[in-house]
Amino acid sequence: MTLATFSASRPSDADQPLTMLNPDFPFSYDRHLQHPAGLGAVPPERYGTKVAVIGAGLSGLVAAYELMKLGLQPVIFESAQIGGRLRTAAFPGAPDVRADLGGMRFPTSGRSFYHYVDLLGLETSAFPNPLAPATPSTVLELGGRSYYAETAADLPEFFTEVADAWTRALEEEADFGPMQDALRRRDVPEIKRLWNRLVASLDETTFYGFVAQSAAFRERSFAHREAFGQVGFGSGGWDTDFPNSMLEILRVVYTGADDDHRGIVGGAQRLPEALWNHAPEQLAHWPAGTSLASLHGGSPRGAVATILRDADGRIEVTEKWGKATAFDAAVVTCQSWLLSARIHTEERLFSPEMWTAIERSHYMQSSKTFVMVDRPFWNDRDPETGRRVLSMTLTDRMPRATYLLDNGPDQPAVILLSYTWNDDALKWLSLTADERVTLMLHSLRQIYPDVDIASHIVGEPITVSWESDPNFMGAFKNNLPGQYRYQRRLFGHFVQDDLPEHQRGIFLAGDDISFTAGWAEGAVTTALNAVWGTVRHLGGSAAPANPGPGEVWPTLAPIDLDQAG
């Protein structure tokens, strides 16, 4: 199957919306999921075969859910709680007032992710990003000066110059328009042609290097680059991403992942919990009404201590308290660092090259601190200025980004006082929740001197630093320059025909295995890769009318820089 025939085999896409079609591997996972032929089948004699699934985050639950539908018996292992980084916490004494500690906003272009949101009937609402239609007002505060805006048109010309420089840099240096056109059309040959050239030229370029060396920003002052880092584009300032590979940024902006976000009403953890409890209408082997919860007696297995190959060649998983179980296949969805840092994993299960890719993963730190307030008082207007008394805020002060989360008039509401990354997140790491809130309120008082935020706070704050959680050790992966080869190894691990027998049957999945780490879409798509690999490993196959990611791998595989030109 050639690139041209693969593209031509799909329906017309001239009027299709932008999706998170990954330019590295432009396989339409959303269409694969929606195809009436389903994801494939295993031989009937394999029905009921147990498959270990390590991790009950979104990736693990999607993999387990789809394996169950195919007649296999997933056995889920989880060290903490169902949901992974889709974790929602309720404020003490107010169970209906919640805070999303991990994923909280999901781009509408992530159509594979929304396949499950829609399937499970979850309600979503527009997320109040800076200057988004759902955001009543935004304040940008830089260098001690504040700028109030209800729309982008309210901002000074300087910020338009910053935005224009970024747009021009993308067009002139990264084929932004042609790539988005190709992605909308799902024009696979054109996507591959454009992207393969960019991978070769930008793999060793930092985000900041791209910005600073672009003609558009060279014609502007350092202040323009500084403001771009502080207030950025889409969801806010991205200067904490400046050391990362420019390829990571392009994958986000090409596919619209930086804009048009929605949140899950009631909290993001509702999605993995709903997958856990949902009984699919179409099931092979299992009786009607079967769910992941029913297969597990209501609770997943415990934390994993050891993964090895037993004497019979099966994957043996040993739990923290000593129970060992052998499986014909295993899907591993935990953060990949855990395979060396917390789970004793037999070294020969992966090649030395794969271990290098696992160990060299670069994780982003992330911190959030929430408080509950008595009501959404930010909707009040100052009688003198007519402005809202508090706004979604982007600042160069320590909080960096403050979000206002409304639950309705006269209902308790939530302020995400600070959402920070990398170096900014590390500044909070040693502080208690109360110390964090005190410092954040001090910073916000400099921006809003006439607003007594503290007087509205009810109860205790909720905070998280993902880098200090032993089950995660970071928020998500973001590759540094020169790490494309490592990501290609991780992503392509599900295609195992060329691996020696002792390395087959264990499949990596999760958003850090994907090319779009940090986005739930990557968790879903790598789970589907692992499902394909597991089915093939057990003697099954995809439906002929609906080829899976492995069937098209020879045609769509990410460019191999060591073999290219």
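Because the structure is a prediction, the values reported are computed rather than measured.

Thresholds, definitions, all that
- Residues numbered from 1 in each chain as written.
- Predicted model: local features only at pLDDT ≥ 70, side-chain atom pairs only at ≥ 80, totals over all residues.
- Heavy atoms only, no water.
- Phe/Tyr/Trp six-rings, centres within 6.5 Å; stacked < 30°, edge-to-face > 60°.
- Helix = DSSP H or I, 4+ residues; strand = E, 2+ residues; numbered from the N terminus.
- Buried < 20%, exposed > 50% of the residue type's maximum accessible area, 1.4 Å probe, protein only.
- Lys NZ or Arg CZ within 6 Å of the ring centre and 35° of its normal.
- Salt bridge = Lys/Arg side-chain N within 4 Å of Asp/Glu carboxyl O.
- Expected span 1.5 Å × (residues − 1).
- Contact = heavy atoms within 4.5 Å.
- Polar contact = N/O pair within 3.5 Å; in protein donor to acceptor, adjacent residues only side chain to side chain.
- Pairing = 2+ DSSP bridges.
- Axes fitted to C-alpha atoms, helices over the stretch in contact; angles between N-to-C directions.
- Parallel < 35°, antiparallel > 145°, perpendicular 65-115°, else oblique.
- Nonpolar A, V, L, I, M, F, W, Y, C, P; charged D, E, K, R; others polar.
- pLDDT = per-residue confidence, 0-100.
- Core = buried A, V, L, I, M, F, W, Y, C linked by side-chain atoms within 4.5 Å.

Tallied over the entire structure, the rule returns 36 aromatic pairs. Note on Phe217 and Phe228: the rings are 5.5 Å apart at their centroids and 50° apart in plane angle, and the pair reads as tilted. Of this pair, Phe217 sits in helix α9 (residues 215–218) while Phe228 sits in helix α10 (residues 222–231), placing them 11 residues apart in sequence. An identical accessibility class is assigned to Phe217 and Phe228; each is buried. Clustering of aromatic rings is evident, with ring pairs tying together Phe25, Phe27, Tyr29, Tyr484, Phe491, Phe494, Phe515, Trp532 and Trp553. Lying over the aromatic face of Tyr419, Lys368 brings its terminal NZ or CZ to 4.6 Å of the ring centre.

According to the stated counting rule, one finds 27 salt bridges in the structure shown. The salt bridge partner of Arg348 is Glu346, with a shortest N-O separation of 3.0 Å. Owing to a relative accessible area of 40%, Arg348 belongs among the partly exposed residues under this scheme. The residue Arg485 makes a salt bridge to Asp562 at a minimum N-O spacing of 2.9 Å. Note that Arg485 is positioned in helix α18 (residues 484–491) and Asp562 in the segment after α20 (553–556), a separation of 77 residues in sequence. Linked through salt bridges whose partners overlap, the residues forming this network are Asp239, Arg400, Asp424 and Lys427.

In this model helix α7 (residues 188–202) runs 20 Å from its N-terminal to its C-terminal C-alpha over 15 residues, within 8% of the 21 Å that 1.5 Å per residue would give. Among the residues making up α7, those that are buried are Val188, Ile191, Lys192, Leu194, Trp195, Leu198, Val199 and Leu202.

In this section: the environment of Tyr47. Positionally, Tyr47 belongs in the loop between α2 (29–34) and β1 (50–54). In sequence terms Tyr47 and Gly71 are 24 residues apart; their C-alpha atoms lie 5.1 Å from each other. Residues contacting Tyr47, with those up to four places away along its chain left out, are Val42, Leu70, Gly71, Ala284 and His285.

Tracing the sequence through the fold places Gln496 in the loop between α18 and β22 (506–508). There is a polar contact of 2.9 Å between the side chain of Gln496 and the backbone oxygen of Ile506. Discounting chain neighbours no more than four positions away, the residues touching Gln496 are Gln503, Arg504, Gly505, Ile506 and Phe507.

All right, on to the pairing of strand β11 (residues 315–319) then. Among the 5 residues of β11, 4 are classified as buried, and the element is accordingly described as predominantly covered. Relative to β11, strand β10 (residues 304–309) runs antiparallel, the two sharing 5 bridges. For Val304, the partnering residue across the bridge sits in β11 and is Glu319. With antiparallel pairing between neighbouring strands as the criterion, β10 and β11 make up a hairpin whose turn holds 5 residues, including Gly313 at a positive phi of roughly 85°. Examined bridge by bridge, β11 and strand β12 (residues 324–327) share 4 bridges and lie antiparallel to one another. Looking at β12, one finds that Thr318 is bridged to Ala324.

For the pair helix α5 (residues 157–174) and helix α11 (residues 246–254), interaxial distance at closest approach is 13 Å and the crossing angle is 110°. Here α5 is positioned roughly perpendicular relative to α11, judged by the angle of their axes. Along its contact with α5, which presents Trp166, Leu170 and Ala174, the element α11 presents Met246, Ile249, Leu250, Val253 and Tyr254. Along the lines of polarity and charge, the residues of the contact of α5 with α11 split into 8 nonpolar, no polar and no charged.

Bringing unusual backbone geometry into the picture now. Positive phi is not limited to glycine here, since Arg400 has a value of about 65°. Tracing the backbone shows Arg400 in the loop between β17 (392–395) and β18 (401–405). Phi at Met473 is positive, roughly 60°, even though this residue is not glycine. By secondary structure assignment, the location of Met473 is in the loop between β20 (457–465) and β21 (476–477). We classify Met473 as partly exposed; its relative accessible area is 23%.

As a general point, the strands of a sheet are linked pairwise by backbone hydrogen bonds and lie either parallel or antiparallel. The strand order β8-β7-β17-β18-β19-β16-β20 describes an open sheet built from 7 strands, whose pairing is mixed. Strands at the two margins of the open sheet, each flanked by one partner only, are β8 (145–149) and β20. With direction set aside, neighbouring strand axes in the sheet form an average angle of 15°. The sheet contacts of α10 involve β7 (138–142) and β17, and relative to β7 the element is tilted by about 135°. Of the strands in this sheet, β7, β8, β16 (366–373), β17, β18, β19 (413–421) and β20 touch helix α17 (residues 433–447), which is tilted by about 105° from β20.

Per-residue confidence for the protein gives a mean pLDDT of 94, with 97% of residues at or over 70. In this model, residues 1–14 is a region of pLDDT below 50 whose contacts with residues beyond four sequence positions or in other chains number 26 contacts.

Grouped together as the largest cluster of nonpolar side chains are 134 residues, with contacts concentrated most on Leu58, Trp166 and Leu271. It is helix α19 (residues 520–537) that provides the largest number of residues to this core, a total of 9 residues. Counting 25 residues, the second largest nonpolar core, distinct from the first, contains Ala52, Ile315, Ile506 and Ile513.

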